[in-house]
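# A closer look at the structure
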Amino acid sequence: MTCQNKRQKSKTTSRLITVQIHSFFVSEVKTSMFLTAFLTFFVIICSILSFLYHRNFNYWTRFKNVPSVPGRIFSGNVIDFLTFKTNFGFHLKTIYDDEKFTSAPVVGVYGLYKPCLLIRDPDIIKSVLIKDFDRFHDRFAKIDYHHDPLGGQMMLFADYPLWKEMRTKLSPTFTSGKLKNMYPLIQQVGENMVKFLDSKPSVFQVEVKDLCARFTTDVIATTVFGFQSNSLANPAEDFYKQLRLLNYFTWRRSFDFIIVLFASQLTRIMGAKILYPETEHFLRSAITQAVREREACIGGEKRNDIIDTFVKLKQEAEQRGERNIEQLMECLIAQAGIFMVGGFDTSSTTMSNALLELAKDTSVQKKLREEIKEAFVEGNGEISYEALNKLTYLEMVINETLRLYPVLAVLERQHATAGGKEPYSLQPYCDFNLPDGMPVFIPVFGLHYDTKYWSNPKKFDPERFSPENKPLINPMVYLPFGNGPHNCIGSRLAMMQVKAGLFYILKDHFVRVCDRTELEPTFDPKLNALQVKGGIHLEIVKDE
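Thresholds applied
Residues numbered from 1 in each chain as written. Predicted model: local features only at pLDDT ≥ 70, side-chain atom pairs only at ≥ 80, totals over all residues. Heavy atoms only, no water. Phe/Tyr/Trp six-rings, centres within 6.5 Å; stacked < 30°, edge-to-face > 60°. Helix = DSSP H or I, 4+ residues; strand = E, 2+ residues; numbered from the N terminus. Buried < 20%, exposed > 50% of the residue type's maximum accessible area, 1.4 Å probe, protein only. Pairing = 2+ DSSP bridges. Axes fitted to C-alpha atoms, helices over the stretch in contact; angles between N-to-C directions. Parallel < 35°, antiparallel > 145°, perpendicular 65-115°, else oblique. Contact = heavy atoms within 4.5 Å. Nonpolar A, V, L, I, M, F, W, Y, C, P; charged D, E, K, R; others polar. UniProt positions renumbered as here; feature names shortened; annotations may be inferred. Arc of directions from axis to C-beta. Salt bridge = Lys/Arg side-chain N within 4 Å of Asp/Glu carboxyl O. Polar contact = N/O pair within 3.5 Å; in protein donor to acceptor, adjacent residues only side chain to side chain. Core = buried A, V, L, I, M, F, W, Y, C linked by side-chain atoms within 4.5 Å.

An unreviewed UniProt entry lists the protein under the name Cytochrome P450 6g1, with Musca domestica given as the organism.

### Brief notes about the packing of aromatic side chains
Aromatic ring pairs are defined here through the distance separating the ring centres and the angle between the ring planes. Counted according to the given criterion, the structure contains 23 aromatic pairs. Pairing Trp60 with Phe432 gives two aromatic rings, centres 5.2 Å apart and planes at 50°, and the pair type is tilted. Here Trp60, found in the loop between α1 (2-57) and α2 (78-82), pairs with Phe432, found in the loop between β4 (411-414) and β5 (439-442); they are 372 residues apart in sequence, far enough to count as distant. In this pair, the class of Trp60 matches that of Phe432, namely buried. Relative to Phe503, the ring of Phe376 lies with its centre 6.4 Å away and its plane at 50°, an arrangement referred to as tilted. Taken together, the positions of Phe376 in helix α15 (residues 362-378) and Phe503 in helix α19 (residues 491-506) put the pair 127 residues apart, joining distant regions of the chain.

### A look at the sheet that holds strand β6 (residues 509-513)
Sheet strands associate in pairs through backbone hydrogen bonding, adopting either a parallel or an antiparallel arrangement. Taken together, the 3 strands give an open sheet; going across it, the order is β3-β7-β6, and neighbouring strands pair in antiparallel fashion. Two strands bound the open sheet, and with one partner strand each, they are β3 (203-207) and β6. The average undirected angle you get between the axes of adjacent strands in this sheet is 35°. Two strands pair when backbone bridges link them, and β6 and strand β7 (residues 537-542) are joined in this way by 5 bridges, in the antiparallel orientation. Each bridged residue has a counterpart across the sheet, and for Val511 the counterpart in β7 is Ile540.

### As for the packing of α15 against helix α17 (residues 392-404)
Across the interface, α15 lies against α17 with an axial gap of 8 Å and an inter-helix angle of 140°. Between α15 and α17, the angle falls in the class oblique. Here Val364, Lys367, Leu368 and Glu371 of α15 come into contact with α17, specifically with Thr392, Tyr393, Leu394 and Val397. Partitioned by chemical class, the residues of the contact of α15 with α17 number 5 nonpolar, 1 polar and 2 charged.

### Section: the UniProt feature "binding site: heme" (unreviewed entry) in the protein
Sequence positions flagged by UniProt for "binding site: heme" (unreviewed entry) are, in local numbering, Cys488. Along the chain, Cys488 falls in the loop between α18 (444-447) and α19. A relative accessible area of 35% places Cys488 in the partly exposed class. Not counting chain neighbours up to four residues away, the residues in contact with Cys488 comprise Arg167 and Phe481.

### Some points on helix α6 (residues 160-170)
Every α-helix carries 3.6 residues per turn, so stepping three or four residues along brings you back to the same face. Among all positions in α6, only Leu162, Trp163, Met166, Arg167 and Leu170 are buried. In an axial view of α6, the angular spread of the buried residues amounts to 130°, which keeps them on one side of the axis. Projecting away from the buried face of α6 at angles above 90 degrees are the exposed residues Pro161 and Thr168. Residues of α6 that are buried make contact with α5 (149-153), α13 (306-320) and α14 (325-360).

### Observations concerning the pattern of salt bridges
The final tally for this structure, using the stated rule, is 24 salt bridges. A salt bridge links Lys373 to Asp543; its shortest N-O distance comes to 3.8 Å. Taken as a pair, Lys373 in helix α15 and Asp543 in the segment after β7 lie far apart in primary sequence, 170 residues in all. According to the relative accessible area criterion, Lys373 is partly exposed, its value standing at 34%. Residues joined by salt bridges that share partners form a network here, namely Lys273, Glu280, Arg284 and Glu330.

### Observations regarding unusual backbone geometry
Of note, the amide linkage connecting Gln427 to Pro428 takes the cis form, showing an omega dihedral of 10°. Following the sequence through the fold, Pro428 ends up in the loop between β4 and β5. Positive phi, close to 55°, is recorded for Asn380, a residue that is not glycine. Considering the arrangement of structural elements, one finds Asn380 in the loop between α15 and α16 (385-389). Here Asn456, not a glycine, exhibits a phi torsion of approximately 45°, which is positive. Relative to the elements of secondary structure, Asn456 occurs in the loop between α18 and α19. Here Asn456 falls in the partly exposed class, since its relative accessible area comes to 49%.

### Regarding the environment of Glu357
With respect to the helices and strands, the residue Glu357 is situated in helix α14. Separated by 44 residues in sequence, Glu357 and Thr401 place their C-alpha atoms 7.9 Å apart. In this view, Glu357 contacts Leu404, Tyr405 and Phe460; residues no more than four positions away in its chain are not counted. Engagement of the side chain of Glu357 in a polar contact is seen with the side chain of Tyr405, the distance being 2.5 Å.

### Comments concerning the nonpolar core
Phe225 and Ile287 are the most contacted members of the largest nonpolar core, which has 161 residues in total. Setting aside residues up to four positions removed in sequence, Ile287 forms contacts with Val224, Phe225, Ile307, Phe310, Met329, Ile333 and Ala336.

### Brief notes about the pairing of β4
Alternating residues of β4 divide into Leu411 and Arg413 and Glu412 and Gln414, and every residue in both groups is buried. For β4 and β5, the ladder comprises 4 bridges, and the chain directions are antiparallel. If you follow Leu411 over to β5, its bridge partner there is Ile442.

### What to know about helix α9 (residues 238-246)
The complete set of buried residues in α9 reads Phe239, Tyr240, Gln242, Leu243 and Leu246. For α9, the angular spread of the buried residues around the axis is 160°, confining them to a single face.

The structure is reproduced here in C-alpha cells:
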C-alpha cells in the first residue's frame, strides 16, 4: 500500500512538473510576443518621430532664398530654454543681432516643433500687423477652452471671432472721454501714494517695483473691480496677494507658459493653465459680486469703471436675448483677468524701470520734476486729466523707458490663408510664400536696440521722443504696445496710470541710487515679459 501511494504521488508530481513546464514555456512565448510587439511599436513610433523631426527641422534648407538658423528645437537652444537660462524673446534678439542677418528682411527659425519666420523688415511688419491683418488676425499661442475656460477666452489668446466680439464691445471703455471720467479714481490712489510717502522718513530705501506694484494694485481695484483698496498702507490685503501671485513664477509655471506659447495642443495633456486655481476662484467671485452689487444699487450708481461696462453689456444681452448670460459673464470675467494681469505687471514694471533710469541720470530727473512742479502749481495743488496729458517731458521719459524695457520682447502671429486669395508672398523682399498656419515672430527687443534706427541705443535719452523727433520714428520699429487692430486695448489706461504714478511720487520726492542698486540690471530669464532680476532698489528722498 505504501509503495502504491508512493507511485501515485510520483505520477502526480510528474504531472505537476509537466504542467508547470508547459505554463512556463507558454508564459515565455507570450512575454516574447509582447516584447516583440512592444519593440515593433516603439521602433515605428521612433521612426515616425524621427521622420517628423527631420522633415520639420530641415524645412528651411529647402528654401535657399530664406536665410535661416540650423534646424533644431528652439533653433538649437533647447537646453537653455528647459533650464531657464534664456527665453524665446532673448533668443530671437540674439538671432536678430547676428551679423549674418543684418540685411535680411526675414530669417527662418524653429520653435518647439515646427518652422517659424522671424521678421526684421519694417515694411513686412506693417503688412503683418496692419495692411494684411486678415491673414494674420490670430496669435499662434492658444489655450484649450475646455481645459482652461478663462484663459481660453482672454482676448490675448482667443480665436478671432471671440476676440473681435470682445474688442468691439470693450473698446469704448478706453476712449478719451471714458478715461477722463475714470481719472478721479486714479487721483484718489495718487493721494494715497502721497500720504504713504509722507509717512516715511525723509530718506529711505525701497524696492521700487514693490512700491509701484502696490500703486497699480489699487488702481486696478478701483478701475476694474469697482472697489477701493489701499495696499500702499496695507500690503497684506488679499487683493494685493492675488496680484502678486500672478507674478510669482515657479519652474512649473514657467513650463506652463512654454507649453501655452509653443505647443498649445498639449495644454490639456500637460495641465498647463494661465492662472492659478485660487486666482480663478478670486476672479469669478469678485467680478460676479461686483456686478450684482452695481445692478442692485438704487438709482444705478455710476463709478465710470470697467464694472459699469460689464453691467451694461450684461443688460443689453438680456434685453436682446442673444446670448447665454452665464457664458457672457464667464467671458467678461476672462477679460477682467487679462486687464488684471496686464494692468498690474506692465504698468508697475514700466514705472519702476523709469525710476531706475531717472535715479541714474539726475539731469533728466531734474528736468522732469521741474515740469511736474510747474503743473502742480498751475493746478493749485492738483493736476487735471488735461494737464496730465500736456506733460510732454513726462511722456517722453515713459516712451524712452518702454523702448529700453519693452514689456513684451516679441510679438507673434499665425498666418492663415484668406479665403479665395493667392498664397501670401514675401516678394519683392524674399521669394517665399507663407504656408497656412506658419507662426511669425516680430522681435520687439531687437528692433528697439537696432543701431539702424536708434543712435547709441543703450543710452537712456528721452529726447528721441521730443515733439520734433517723434514724427521721424518709424512706428514699425517702436512697438511697446504692438500696432494695428491687435494692439493693446488698454494702452491708454496704462499710460495714464504710469503718468499719474510717477507724478505723485516725484512731485515732493526724488530718487537716487543706493548701495543695493544694480546699475546694469539683468532680466529674469524665467519670465516671458522683461523684468529686472532681483528687483530695483533705490533711495527715495523728501524734497524739503
